[in-house]
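So the chains spell out like this:
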Amino acid sequence: MKNTIKLAAFAPLFALLIVGCGDGPVTSVPEAASELAAVAPTAAPLEVTLTWTDNSDDEAGFRLQRSTLPGGSFADITTTGADVVSFVDDAVELGTDYEYRVVATNADGDAAPSNVASASLPPLANAASGLAAVLPLATPPQAQLSWTDNSSDETGFKVQRGPTGGTMADIATTAADVTYYEDTTVVMDTVYDYQVVATNALGDGQASNLISVDVSTPMVTTVAGSPPASGSTSGYVDGPANTPSLVQWRTGIAIDAAGNVYVADGPNHAIRKIDAVTGDLVTIAGIPPATGPTSGFEDGAATVARFDSPYGTAIDSAGNIYVADKENHAIRKIDAATGNVSTIAGALPGTGPSAGFVDGAATAARFNRPFDVAVDSAGDIYVADRSNHAIRKIDALTGDVSTIAGGSPEAGPSYGFADGSSAVSRLNFPRCLSVDSAGNIFIADTNNYAIRMVDALSGDVSTIAGDGPTMGPTSGFIDGDATTARFSYPRCVAVDSAGNLFVTDGSSIRKIDASTGDTSTIAGDPPPNGPSNGFEDGDGPSARFSDGVGVDVDSNGSTVWVGDGKNSAVRRYGR
């Protein structure tokens, strides 16, 4: 509390003293303020709160001074009235360090400055980057957005959308550290702009990169082989993708992480590649086109190696390619680093092709016309051993072969239609298989007209689409739920990262939805009119296929690749 002393009674004496001294009137500047404190904001509004102690009875006010350079020059930012001991500075910027002091002042002059107080204003959240969008083959359409979080203090991200070149508006706000949003409110055949804005308690940061997303109708296009206008044309030619390239109808498909497409070109006894960058078709193993198709059973360098009607392919995380070499009854490997071909299971080339149904060490094991292979995240290889009506496993560590579905070698090949454990289950000419991220194995059980699954945990086999074992195999062409759906001749199956399944079913491409289990026809003449053979590009219902064989899907489910066997072509379905 300030103490006030009354001096009126002594005024004459002071006057005499002043006159006597002859130096004019006595002046007195205020006492300096002290205990200046500055509090920076932790949330909006953006302002620094200053408080101090008034040690004077006669100040006319306080001059507030600020510097943005530690130890730098101070400049007045405002002057308060007398006895005011606080001030709010709202002319500050985020990410800036400030120093403050106050100077008491009156008509006689300025006091010494107070102590210096500092305030560091935190920045807004750093802008997100790498915004990208995926358009999966979903109904209704959706845009799946993802981005990189470059901040450690955001409270969330505002997702903004607008028409191309138009005004952006918030459509959602995610929680902190969430870098994914699925926009299910898009309209087909519309182009949108998107950006995301990192935000925290202090406000919105800068926007991310802007992307434009065309939510177009998925279309079927021919990417290798003669185009539909030329009709189905078989051959054996490398080069630009629209040259005649494939023969007859045995065409397995696999996609690597870079988007390259690998084709098991059975009648040409070769493994081909559609380059993701150039679109060119090249032969990577087997006799090259200049020599012509040559079957055989040889390991070695790419041009030395020989295959006999290879049917299915799969690619591991290192880029190695595995081949179901059907008529050699063997599983082959194309090394990613050298391109050399080796036999990893089944009889070795020196002994010649040897069919059978034997588990055990890699070269002692026997297969009978293996049609397809798949690789899980651990590197284990699964084989659709068609004529043994079984699914086999090649252990990544030991190379040993075991039977995991469809009976056992001891009992011999036995086709049928039964769910249950490995030994109890029965399959009927399984042609193709695919493994999801959890290790579940999906099977195109062709002659049972059904899609089956080997559970990753229990090893049990179940029927997930098509008529079940209790009713027996029932062919048909019906969309609907798992028990209603019917397939006419499912040749191959592929699974995307969301667990959706894509099936080549005769002349149509079917989808089994991961969330509902429902089957729909996404390309080719749909029920009840279809299936209809043909060779036409276009939107899903307009497109025509002729015995789709191989199928694979990119990890996000935005593009399905089909080996269109009797059209001797590779087709693509996507946006």
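Located above this text is the structure these notes cover.
For clarity, every value in this text was computed on a predicted model and none was experimentally measured.

Q: Would you mind going over the overall build of the protein with me for this structure?
A: Per the secondary structure count, the protein includes one helix and 41 strands. Whereas a compact globule of 575 residues would reach a radius of gyration of roughly 25 Å, the protein reaches 38 Å, over 25% beyond that. Seen along its three principal axes, the alpha-carbon backbone of the protein occupies a region of about 130 × 50 × 50 Å. The burial tally for the protein puts 50% of its 575 residues in the buried class. Taking contacts inside the protein between residues at least 6 apart in sequence as the whole, the part at least 24 apart equals 51%. Entry remark: accessible area of the protein is about 23900 Å², with carbon and sulfur atoms responsible for 53%.

Q: Got a minute to help me understand the state of the cysteines in this structure?
A: Note on terminology: disulfide describes a covalent bond linking the sulfur atoms of two cysteines. Applying the stated criterion to the full structure yields one disulfide. The partner cysteine of Cys 432 in its disulfide is Cys 492, sulfur to sulfur 1.9 Å. Taken together, the residues span a long stretch of sequence, with Cys 432 in strand 30 (residues 430–435) and Cys 492 in strand 34 (residues 490–495) at a distance of 60 residues. Each member of the pair, Cys 432 as well as Cys 492, carries the same accessibility label: buried.

Q: Is there a simple way to explain the environment of Glu 536 in this structure?
A: Locating Glu 536 in the fold gives a position in the loop between strand 37 (519–523) and strand 38 (538–539). Owing to a relative accessible area of 43%, Glu 536 belongs among the partly exposed residues under this scheme. Along the primary structure Glu 536 and Ala 523 are separated by 13 residues, whereas in three dimensions their C-alpha atoms are 11 Å apart. If near-sequence neighbours (up to four positions away) are discounted, Glu 536 is found in contact with Pro 228, Ser 542, Ala 543, Arg 544 and Arg 571.

Q: What should I look at first to understand the pattern of salt bridges in this one?
A: Oppositely charged side chains can pair when the atoms bearing their charge come close. Applying the stated criterion to the full structure yields 25 salt bridges. With its nearest N and O atoms 2.6 Å apart, the salt bridge here joins Asp 325 to Arg 332. The pair formed by Asp 325 and Arg 332 is uniform in burial state, with each residue classed as buried. Taken together, the salt bridges that share partners define one network made up of Arg 63, Asp 76 and Asp 110.

Q: Which parts of the structure should I look at to understand the packing of aromatic side chains?
A: What characterises a pair of aromatic rings is the spacing of the ring centres plus the angle enclosed by the ring planes. All chains considered together, the criterion is met by five aromatic pairs. Residues Tyr 98 and Tyr 100 carry aromatic rings whose centres are separated by 6.3 Å and whose planes lie at 35 degrees to one another, so their mutual orientation is tilted. On the basis of relative accessibility, which here comes to 6%, the residue Tyr 98 falls in the buried class. Look at Tyr 100 and you get buried, because its relative accessible area is 0%. Ring centres of Tyr 192 and Tyr 194 lie 6.2 Å apart, and the angle between their planes is 45 degrees; this geometry places the pair in the tilted category. Residue class for Tyr 192 comes out buried when judged on its relative accessible area of 9%. The class of Tyr 194 is buried, set by a relative accessible area of 0%.

Q: What is the right way to read unusual backbone geometry from this model?
A: Backbone phi values are negative for most residues with the exception of glycine, while trans is the configuration of most peptide bonds. In the segment running from Ala 44 into Pro 45, the intervening peptide bond is cis, with an omega of 5 degrees. In the segment running from Pro 527 into Pro 528, the intervening peptide bond is cis, with an omega of 0 degrees. Following the sequence through the fold, Pro 528 ends up in the loop between strand 37 and strand 38. Of note in the backbone geometry, Ser 309 takes a positive phi value of approximately 60 degrees without being a glycine. On the basis of relative accessible area, Ser 309 is assigned to the buried category, the value being 6%. Here His 329, not a glycine, exhibits a phi torsion of approximately 55 degrees, which is positive. Residue placement: His 329 occurs in the loop between strand 23 (321–325) and strand 24 (330–334). We classify His 329 as buried; its relative accessible area is 12%.

Q: What am I meant to see in the sheet that holds strand 9 (residues 129–134) here?
A: For sheets, the rule is that strands pair by backbone hydrogen bonds, running either parallel or antiparallel. Taken together, three strands build an open sheet; the order of strands is 9-10-13 and the sheet is antiparallel. Each edge of the open sheet is held by one strand with a lone partner, namely strand 9 and strand 13 (180–183). Put simply, the sheet's adjacent strands are angled 20 degrees from each other on average, direction ignored. Both strand 10 (residues 143–148) and strand 13 contribute to a ladder of four bridges, which runs antiparallel. Bridged to Ala 143 within strand 13 is Asp 183.

Calculation notes
Residues numbered from 1 in each chain as written. Predicted model: local features only at pLDDT ≥ 70, side-chain atom pairs only at ≥ 80, totals over all residues. Heavy atoms only, no water. Helix = DSSP H or I, 4+ residues; strand = E, 2+ residues; numbered from the N terminus. Rg over C-alpha atoms; globule rule 2.2 N^0.38 Å. Buried < 20%, exposed > 50% of the residue type's maximum accessible area, 1.4 Å probe, protein only. Contact = heavy atoms within 4.5 Å. Areas by Shrake-Rupley, 256 points an atom, 1.4 Å probe, with all protein chains shown as cover. Disulfide = S-S within 2.5 Å. Salt bridge = Lys/Arg side-chain N within 4 Å of Asp/Glu carboxyl O. Phe/Tyr/Trp six-rings, centres within 6.5 Å; stacked < 30°, edge-to-face > 60°. Pairing = 2+ DSSP bridges. Axes fitted to C-alpha atoms, helices over the stretch in contact; angles between N-to-C directions.

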